[in-house]
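Listed here are the chains, written in short residue letters.
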Amino acid sequence: MSAATAEVVAGFDVKKVRADFPILSRKVHGLPLVYLDNAATTQKPRAVIDTLTRYYTEENANIHRGVHQLSQIATDAHDAARRTVQRFLNAADPAEIIFTRGATESINLVAQTYGRTHVGAGDEVVITAMEHHSNIVPWQILCEEKGARLRIAPINDAGELLLDEFEALLNAKTKLVGVAHISNALGTVNPIARIVEIAHSKGIPVLVDGAQSVPHLPVDVQALGCDFYAFSGHKIYGPTGIGVLYGKRALLEAMPPWQGGGDMIRSVTFEKTLYNQLPYKFEAGTPDIAGAIGLGAALDYLSGIGIENALAHEHALLEYGTKALEAIPGLRLIGTAKEKAGVLSFVMENIHPHDIGTILDQQGIAIRTGHHCAQPLMHRFGIPATARASLAVYNTTADLDALVGGIHKLKEVFA
Amino acid sequence: MADLRELYQEIILEHSKTPRNFRPMEGANRQAEGYNPLCGDHYTIFMDVADESIRDISFQGSGCAISKASASMMSQALKGKTRQQAEELFEQFHRVVTGEPGSDTSALGKLEIFAGVANFPTRIKCATLAWHTLQAALRGEQVASTE
C-alpha cells in the first residue's frame, strides 16, 4: 500500500489489521485476493473464527435450560454478547437487543408485530427511494394485507434524500417511517437524527435499516432517537445467520410476539400461554448461540481497532477511490452524495456490469455487480445494474489501484 | 486471462455491440419476456410462427455482452427452423454451456463459440436467458425467469 493512507489516520496500521484476516492471504485464480465486496459481506478476523471454534470445542450447550455447567457457560456467553451489542449501539437496556437472523428478519419482525397492530386500512408507511428490498418488501406485504399504502420519499440525482419532500409525505395516516442509515447501492449516509426529529414531531416512529452503517460509523441509538434499528452480524466482521433488532423498550413491551415456541414463553397450558419477558419474547426456539457469541467477538474486535479509526481510514480510501475512478474515461459513478460511506457504485459506457464483474474476478478482484437488491433505485437512475466496489477496514489504496488496473484491462478486452 | 478470451470471443463481442434482429416485431404471434432477477438482464423475444415454423424472430432488451450476443446469435440460428428443431437446438446448447459430460458441439454450428461459458458457472444463465425466453414464447407462456 502507498504511504498516502498510512499517513492519513494516525495510529491506524492497516497491515496489522490485514494480518488479522486469514482469508486475505489466499489467492483467487492464482492471483492475490482483492476483496472489495464488503457491502455484501465482510471477511472474518481470526478473533471471530477462534471464538466460534472455542465455543463449539469447549462451551457448546443449549442456553436457559440446563442446570449443568456447560449450559451455564453458554448462557453467560450469550448474555455477555447481548450486553456487548447494547454497549456498541449505546442502547439503554440489554432487553432492548433482540437477536435475529439478520437485518432482514429484524425488519420483518417489526412489520409483522408492530406493523400488524398499528397499521390499518387507509394508513400509510413511508420509506425512501434508496431502500434495499429488505426495507421495501416487508412493508409491501403488510400494506397489501391491511389495505394500507406504501409511500416513497424521493431522492435527487446525487442519491440524497429530499428532506422537504419526505416531510411533506408525512401526515396523520402515516404510522411508520422506514429508512436506511446508509444506502447499500449508493453509499449515501442519511441524516437519521434529523429524519427522526421530523417524524417524531408528527408522532411517527422510525425504523432504521442499519445493515450498512453499524460496521462503518459510530451508531448511538439514543442520540439518534430512532425507535427501531436493525443490522446484520455478517456485514460487521461477524458470522452469517445472526443479526440484531434494537427497539425502544416501551414499544417492544407493547408489541405482540412474532414466532411462537420454546424460550419465548413463561408458562404454557392448552388454554393460555404467558409470554416471556424481553428480549426472550421475540426469540422463539434455540437461537444461533454461536452466532451471537461470534458477533460479540466481532464487535469487540472492531472496538479494539476503534470505529472512529475505521471510519477515518475508509473515508480516506473513499476519497482516493473516487478520484481514481472519476479519472477513467467512460466511467460514471452512481451515488455522489455529499455525505457518503465507502461504496463506489459505477457504470461504464458500452460495458455491462456483469461483464465488468467477470473480468475483474479473473484478476482476483471481488466486487458486486447487479441491482444490489435495490431494483426501484436502479429504475430511478435509469440503469439495469451497477458494478459496486465497497470498502472495509482492511482495504488499502493498493486494492483500489488494483481495481483501476482491472478496469483498464477490461477496456482492453472490450476495445 | 486466457480463459477470458475463451469467454469473450471476438464474435461474441461483435454481436453484443451490433446485435442482429434487434428490433420489435409488429404482428408477432409469439412473444415472451425473460428476466434474470440476479443481474437485471431483461429481454423480449418476438416471433412469427406459422405451421410450426419460425418465419421471423427478433428481440429487444438489455443485458451483458454474453446474454445479448446469445440472443443475437440465437435469432440468426433459428430463423426458418421448426419449433421442434428449436427445442432440440436449445437442448444441445444447454448441454454444451453447462459443460455436461459427453456434450456435443458439432450440432451447434456457429453457436459452439459459447462452449467457453462452461468454465464460468456464474455466467451460464446469461447465455441461456434468451433461450429460456424463446422456449416460454413457443409454449405460449409470457414470462421466463432464470431463477
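Residues numbered from 1 in each chain as written. Chains lettered and ligands numbered in written order. Predicted model: local features only at pLDDT ≥ 70, side-chain atom pairs only at ≥ 80, totals over all residues. Heavy atoms only, no water.

**Student:** If you had to explain the pattern of salt bridges to someone new, which residues and values would you point to?
**Tutor:** Any two side chains of opposite charge can pair, so long as their charged atoms come close to each other. Under the counting rule described, the total for this entry stands at 24 salt bridges over all chains. The salt bridge involving Glu124 of chain A is made with Arg149 of chain A; its shortest N-O contact spans 3.7 Å. Within this pair, whereas Glu124 of chain A is found in strand β5 (residues 124–128), its partner Arg149 of chain A is found in strand β6 (residues 149–153), the two being separated by 25 residues in sequence. The closest approach of N and O atoms between Arg95 of chain B and Glu100 of chain B, which form a salt bridge, is 3.4 Å. (Salt bridge = Lys/Arg side-chain N within 4 Å of Asp/Glu carboxyl O. Helix = DSSP H or I, 4+ residues; strand = E, 2+ residues; numbered from the N terminus.)

**Student:** Describe in detail the interface of chain A and chain B, supporting the description with residues and values.
**Tutor:** Where interface size is given, it is often the accessible area lost as the parts come together that is meant. Residue-level contacts link 17 residues of chain A with 22 residues of chain B. Each partner contributes to the roughly 1,500 Å² buried at the junction of chain A and chain B, and carbon and sulfur atoms together form 59% of this total. Broken down residue by residue, the surface that chain A buries against chain B is led by His354, Gln362 and Val413 of chain A, which jointly contribute 35%. The tally of links from chain A across to chain B stands at 1 salt bridge. A salt bridge links Arg123 of chain B to Asp355 of chain A, with the shortest nitrogen-to-oxygen separation between them at 2.8 Å. Counting every contact that joins chain A to chain B gives 7 residue pairs in polar contact (both at pLDDT 80 or more). Looking at the side of chain A that touches chain B, the elements with two or more residues in it are α13 (353–361) and α15 (397–413) of chain A. The biggest single contributor to the side of chain A that touches chain B is α13 of chain A, with 4 residues. In terms of residue class, the side of chain A that touches chain B is made up of 6 nonpolar, 8 polar and 3 charged. (Contact = heavy atoms within 4.5 Å. Buried area = accessible area lost by both parts, 1.4 Å probe. Polar contact = N/O pair within 3.5 Å; in protein donor to acceptor, adjacent residues only side chain to side chain. Nonpolar A, V, L, I, M, F, W, Y, C, P; charged D, E, K, R; others polar.)

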